[in-house]
There are 4 protein chains.
Amino acid sequence: MKGGPFLKEIIDWKSPARKNKMKDRLTAHAVLRASCILQKGIAAKLTQFVYDAGAEIIDYDHYVDIEKNYFYCRMEWTASLEEIEQDVLRARFRDKIAGPYRLDWDLRFKSRPLRLAVFVSYELAHLYVLLMKCLSRQWDARIEFIVSNHADLAPEAARFDVPYHHLPIDKNNKAVQEACQLALLKERQIDLIVFARYMQVVTETLIRPYENRIINIHHSMLPAFAGAKPYHQAHARGVKLIGATGHYVTLDLDAGPIIAQAVKTVDHRKSVADLVAVGRDLEVEVLARAVGLHIDSRVLVRDGRTIVFD
Amino acid sequence: MKGGPFLKEIIDWKSPARKNKMKDRLTAHAVLRASCILQKGIAAKLTQFVYDAGAEIIDYDHYVDIEKNYFYCRMEWTASLEEIEQDVLRARFRDKIAGPYRLDWDLRFKSRPLRLAVFVSYELAHLYVLLMKCLSRQWDARIEFIVSNHADLAPEAARFDVPYHHLPIDKNNKAVQEACQLALLKERQIDLIVFARYMQVVTETLIRPYENRIINIHHSMLPAFAGAKPYHQAHARGVKLIGATGHYVTLDLDAGPIIAQAVKTVDHRKSVADLVAVGRDLEVEVLARAVGLHIDSRVLVRDGRTIVFD
Amino acid sequence: MKGGPFLKEIIDWKSPARKNKMKDRLTAHAVLRASCILQKGIAAKLTQFVYDAGAEIIDYDHYVDIEKNYFYCRMEWTASLEEIEQDVLRARFRDKIAGPYRLDWDLRFKSRPLRLAVFVSYELAHLYVLLMKCLSRQWDARIEFIVSNHADLAPEAARFDVPYHHLPIDKNNKAVQEACQLALLKERQIDLIVFARYMQVVTETLIRPYENRIINIHHSMLPAFAGAKPYHQAHARGVKLIGATGHYVTLDLDAGPIIAQAVKTVDHRKSVADLVAVGRDLEVEVLARAVGLHIDSRVLVRDGRTIVFD
Amino acid sequence: MKGGPFLKEIIDWKSPARKNKMKDRLTAHAVLRASCILQKGIAAKLTQFVYDAGAEIIDYDHYVDIEKNYFYCRMEWTASLEEIEQDVLRARFRDKIAGPYRLDWDLRFKSRPLRLAVFVSYELAHLYVLLMKCLSRQWDARIEFIVSNHADLAPEAARFDVPYHHLPIDKNNKAVQEACQLALLKERQIDLIVFARYMQVVTETLIRPYENRIINIHHSMLPAFAGAKPYHQAHARGVKLIGATGHYVTLDLDAGPIIAQAVKTVDHRKSVADLVAVGRDLEVEVLARAVGLHIDSRVLVRDGRTIVFD
């Protein structure tokens, strides 16, 4: 278990010159997430399995929820494995560990980037940060297509050669358009949906099949101002902090598991328009953080609560 | 208007050795807060008045709310004035400026410390920070007495020679006890009431006569979790930030004008008990900040919105 | 002085639908920055001048440095002025106010976007945030060209139809290449240079003609770790905060006037590579904030100290 | 390993009513800190040992430094053990685990509060927060005595019945006074020394015997301003953040392992005196956090780098 040389490579990888070399080895790079009822020696069992596969662990973190008697773990490792060996390993893990210990688990080989679909309405900033993170290879992910209820951002999608599906929503066609969205998502084998200020309420048609795989960004203030025009309400009471929350989408609107949050300080000199601008910058920052944590397989969810191995 | 020498004195004043010297000059130290509909030359008019009184301005800040067409100002100045001259000056200000320009105003001479009453239940930390700020002379204020619905903190009050009024509240005696509290407040000419985790809902008996003169501290989280056990709710959703809000008390519970707010970052490793502890430290910090801003006459309130000249 | 209707328009302007309408009125939108030794009635004099020109003030802020006896002011206003009238107004301001009061001043009519030149080496994230802010019209600015000592980002410049000047620097050619840069800057009438992780030390050839018009982003940690590999040093001591500072470039490297700063919390679980990644995100955020403040004419500098009317 | 009922008791314990009951069980409450070269199954070995002792783990956290191939662990557990059994357990741990695995370790039974000595000069705020944390039983610690080079705070020590040793330092007597301090520290079996703005440089006489057991608070700004009057320097450059660092004292002044850090936002409206005041509040907050982390045995140090299990 010597992470030294490999870690150095990761750092180098971030310099543009070394991109290609790294790509070839990515087949050997894996992340395992697992959780289960706390059982004696479970951590040792998991790490032993990885050693036995001839792998090197390059990142390890776990969390024991003493109150709930529950165990959560994330392990990042690398090994020289052909694609076929990956399937063998996965099967062996299922039989030897996941089954007997009744794990909730997920083993991802980084042989291909995660496939994203981005839902937008008007906001350029939210879209750009996602594009930049993918194109700069800070994220191991690719935007497969963009969906929007408006045509405004189509030229931006064209600039980046990303397919843009303009699916306008009105009172009568929501069911049809969601069916259409669902078909696109399945056809392109989407792993993660990002709502980048998509100004539409979605139904269980989309939410159920993508549980904990749709990320939304929500303004949120201290204390929360429910109802319409939250920035006007915040301004009216002289709020001193503006916040944003990145969360998974659930049927209970804006109440899904929280992945990331942040705030910015404001004062009375800020007009409502200023607060909106501060809020937007913050949303972009928090959305990028939340999506990045998901892409790196750093988020586990249980009973609506997130464990984030940041 | 040369602030140089005087400001230096203020800095020196904070060193313990110079306390006494400063005290003698405090009669000459004043803070004026004023607000009105924006009128041409109003700022010049105010500063001119202070010059004409032979005073030196040592701090000046104003804010123009363009949208509401409203002007807010805070001026701190010093002059060699006997107490009787103060009354003359105040009267002249009323007649020459405040009347004609229809100002909402307040002129405070720092000839005596502000008089505080602190309402507590159990929490030591909130009380101590208030005592420390007064005793160390960081604040120009004195705690006249402590009110509590419990006897627990009486020994602490004794340690500091502060009168402690134990006024237990039950279903039937709230009206009587509040009348008693009101009598105490009037008798001791209290300027500001601080609720330092006072676990009782107070009625308009107290709130009306002390509008914008009662400060409360409220936990608040992003997004807000209404109802009982907010820390349990926050924990259940994996909240990443814990917050606190210092505000004036209004009849609409916990919805008064906001004076100060802050947050702390938390993660899944924090138990509910940990979140409570983080929240308490934060409350202490924010309560001290809110009360300090009030004591320095830095807060103006209009239509439920605060202007804080921090 | 009724900001109401206009301000509403500003808010609306941010919605994509109203962009074009707003554009026509931009000729009438101006920002005045002014500072001088504190003189009686100076604030009234300035606002009076703007009224007399038939303008509406839509944002006003000023700061009086009591210790230094100095006055700083920023005023944003709008009026129906032809371009020729702008010149008349500017001349009248020079003669009637700026001269007699010995102002340090700057009056900018927003008839054309500010012209930016961006200097880069490898980093995509820093470049993208600048492009996004301009293209989304959050900033009243345009990137005229990009300069780089490397060819790596040329394809990105092409994607956005921005000219890209590849000017490699080695031991012997720095003087020649800086002369070339200077020629480009002058030819394109550049208002502001942004160093978006430009990994070259520049000389007074560039710095002198663009005093307080070159913005750089600098990692900075608490306490600062001087010398090479600051993230390694920070990691070695278990640093808990990573910071970034956006500042004007002066001959004294990394010691120029500070425009914006921010920090992020980190812990021992972060590897050096993680710290670098956190630092990069933070740099992008702070660089965008610093450049945005400059573009909105919100920064004044005197004796190496910034006054930021945020 | 069922933390449920016990944890609930911890929460209840924080309510004043249950204090005494908890106290009786504290003999059974222990914290183990351990670190070593990463070895297969080490985590399982440690937890197994605690189970075999009949204990319940109530908090568990560990960190694997992949790059350095090092393992760090903190375990909090409770068991019904007489004092004599504690010694037996400790001896068994030494022989069976610590020896064979070559652990760097520390096992603390919470049978008695940690013993603190506080070194002060003038600052009341720093002292009060320490007193409050102990008296409110938020910390499992007691202030045994206060040392000062000045007499100013003696009355405050008297108020809390804490012995106050006035040991003035001049050019010639430092060696004598440090010998005296050392004698006091030994006589009272001090576990932790807190420098609460003690304005004296101490020598290796004190530092060596209390390695990683002296905590100091240091202002620190972004970027750091070395030399005298750091707040004046920060003000002169228009700094936007004020910071503080809580760290262990080493012979290399102000460069010891970092336990906690925080910053506050400031702007140009803050005078030097204001910055000093902001800095003091922040120092108090960070000092309390750093000392609290130490008291809860949450800090491990290796090669000058802290691992903080917060």
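Quick look at the structure, then.

Analysis parameters
Residues numbered from 1 in each chain as written. Chains lettered and ligands numbered in written order. Predicted model: local features only at pLDDT ≥ 70, side-chain atom pairs only at ≥ 80, totals over all residues. Heavy atoms only, no water. Helix = DSSP H or I, 4+ residues; strand = E, 2+ residues; numbered from the N terminus. Buried < 20%, exposed > 50% of the residue type's maximum accessible area, 1.4 Å probe, protein only. Contact = heavy atoms within 4.5 Å. Salt bridge = Lys/Arg side-chain N within 4 Å of Asp/Glu carboxyl O. Buried area = accessible area lost by both parts, 1.4 Å probe. Polar contact = N/O pair within 3.5 Å; in protein donor to acceptor, adjacent residues only side chain to side chain. Pairing = 2+ DSSP bridges. Axes fitted to C-alpha atoms, helices over the stretch in contact; angles between N-to-C directions. Parallel < 35°, antiparallel > 145°, perpendicular 65-115°, else oblique. Left-handed = near helix turned anticlockwise from the far one by under 90°. Nonpolar A, V, L, I, M, F, W, Y, C, P; charged D, E, K, R; others polar. Least-squares fit on C-alpha atoms with pLDDT ≥ 70 in both. Expected span 1.5 Å × (residues − 1).

1. Concerning the environment of C:A117
Residues and elements named next belong to chain C. When you line up the elements, A117 lands in strand β5 (residues 114–120). Assessed through its relative accessible area of 0%, A117 is described here as buried. Linking A117 and V278, residues 161 residues apart in sequence, is a C-alpha distance of 26 Å. In contact with A117, other than residues within four places in its own chain, are F145, L185, I190, L192, I193 and V194.

2. Topic: the pattern of salt bridges
Inspection of every chain in the model, using the stated rule, returns 88 salt bridges over all chains. Between B:R197 and B:E283 there is a salt bridge, and its shortest N-O distance comes to 3.3 Å. Residue B:R197 is located in the loop between β8 (192–196) and α8 (204–207), and its partner B:E283 is located in helix α10 (residues 272–295); the two are separated by 86 residues in the primary sequence. Among the residues examined, B:E283 registers a relative accessible area of 3% and is labelled buried. Salt-bridge contacts for D:E76 lead to D:R74; the nearest nitrogen and oxygen are separated by 2.9 Å.

3. Describing unusual backbone geometry
Backbone geometry follows two general trends: most residues other than glycine have a negative phi, and most peptide bonds adopt the trans configuration. Residues and elements named next belong to chain C. We note that D161 has phi near 55 degrees; this positive angle belongs to a residue other than glycine. Inspection of the secondary structure puts D161 in the loop between α6 (154–159) and β7 (164–166). By relative accessible area, which is 68% here, D161 ends up exposed.

4. What about the interface of chain B and chain A?
In this complex, chain B contributes 37 residues to the contact, which on the side of chain A involves 37 residues. Taken together, the two surfaces of chain B and chain A that pack against each other cover about 3000 Å², and 54% of this comes from carbon and sulfur. In this assembly, chain B and chain A are joined by two salt bridges. Two residues, B:R269 and A:D61, come together in a salt bridge whose shortest N-O distance is 3.1 Å. Joining chain B to chain A, the criterion identifies 22 residue pairs in polar contact (both at pLDDT 80 or more). Contributions of two or more residues to the side of chain B that touches chain A are made by β2 (56–65), β9 (214–221), α9 (230–236), β10 (241–248), β11 (258–265) and β13 (305–308) of chain B. It is β11(B) that provides the largest number of residues to the side of chain B that touches chain A, a total of six residues.

5. Points about the sheet that holds strand β3 (residues 70–78) of chain D
Residues and elements named next belong to chain D. Strands sit in the order β2-β3-β1-β4 across an open sheet of four strands; the sheet is antiparallel. Two strands bound the open sheet, and with one partner strand each, they are β2 (56–65) and β4 (104–109). In this sheet, neighbouring strand axes are inclined to one another by 5 degrees on average, regardless of whether the strands run parallel or antiparallel. Alignment of β2 against β3, held across nine bridges, turns out to be antiparallel. Looking across to β3, one finds that Y63 is bridged to Y72. Strand contacts of helix α3 (residues 42–52): β1 (29–37), β2 and β3, with the helix running at about 15 degrees to β3, the strand carrying the most contacts.

6. Points about the packing of helix α3 (residues 42–52) of chain C against helix α4 (residues 83–98) of chain C
All names here are of chain C. Relative orientation of the contacting elements α3 and α4 amounts to 155 degrees, with a least axis distance of 12 Å. Between α3 and α4, the angle is such that the two are roughly antiparallel. Our pair here, α3 against α4, has a crossing hand that is right-handed. Taken together, the residues of α4 that come into contact with α3 (itself represented by K45, L46 and F49) are L89, R92, F93 and I97. For the contact of α3 with α4, a count of residues per class yields five nonpolar, no polar and two charged.

7. Details of the interface of chain C and chain D
Counting residues at the interface gives 37 residues for chain C, matched by 37 residues for chain D. Surface buried jointly by chain C and chain D totals about 3000 Å² across both partners, of which 54% is contributed by carbon and sulfur atoms. Where chain C touches chain D, the interface holds two salt bridges. Broken down by secondary-structure element, the contributors of at least two residues to the side of chain C that touches chain D are β2 (56–65), β9 (214–221), α9 (230–236), β10 (241–248), β11 (258–265) and β13 (305–308) of chain C. Ranked by residue count, the leading element in the side of chain C that touches chain D is β11(C), at six residues. The residue inventory of the side of chain C that touches chain D, partitioned by class, reads 18 nonpolar, eleven polar and eight charged.

8. As for the relation of the copies chain C and chain D
Rotating chain C by 180 degrees and translating it 0.0 Å along the rotation axis places it on chain D, where the RMSD comes to 0.0 Å. Taken together, the rotation and translation relating the two chain copies correspond to the operation of a two-fold axis. Mapped onto chain D, 100% of the interface residues of chain C again fall at the interface, so both copies present the same surface.

9. Considerations on helix α10 (residues 272–295) of chain A
Its 24 residues give α10(A) an end-to-end C-alpha distance of 34 Å, which sits within 8% of 34 Å, the value for a rise of 1.5 Å per residue. Of all the 24 residues making up α10(A), 19 are buried; the element is thus mostly covered by neighbouring parts of the structure.

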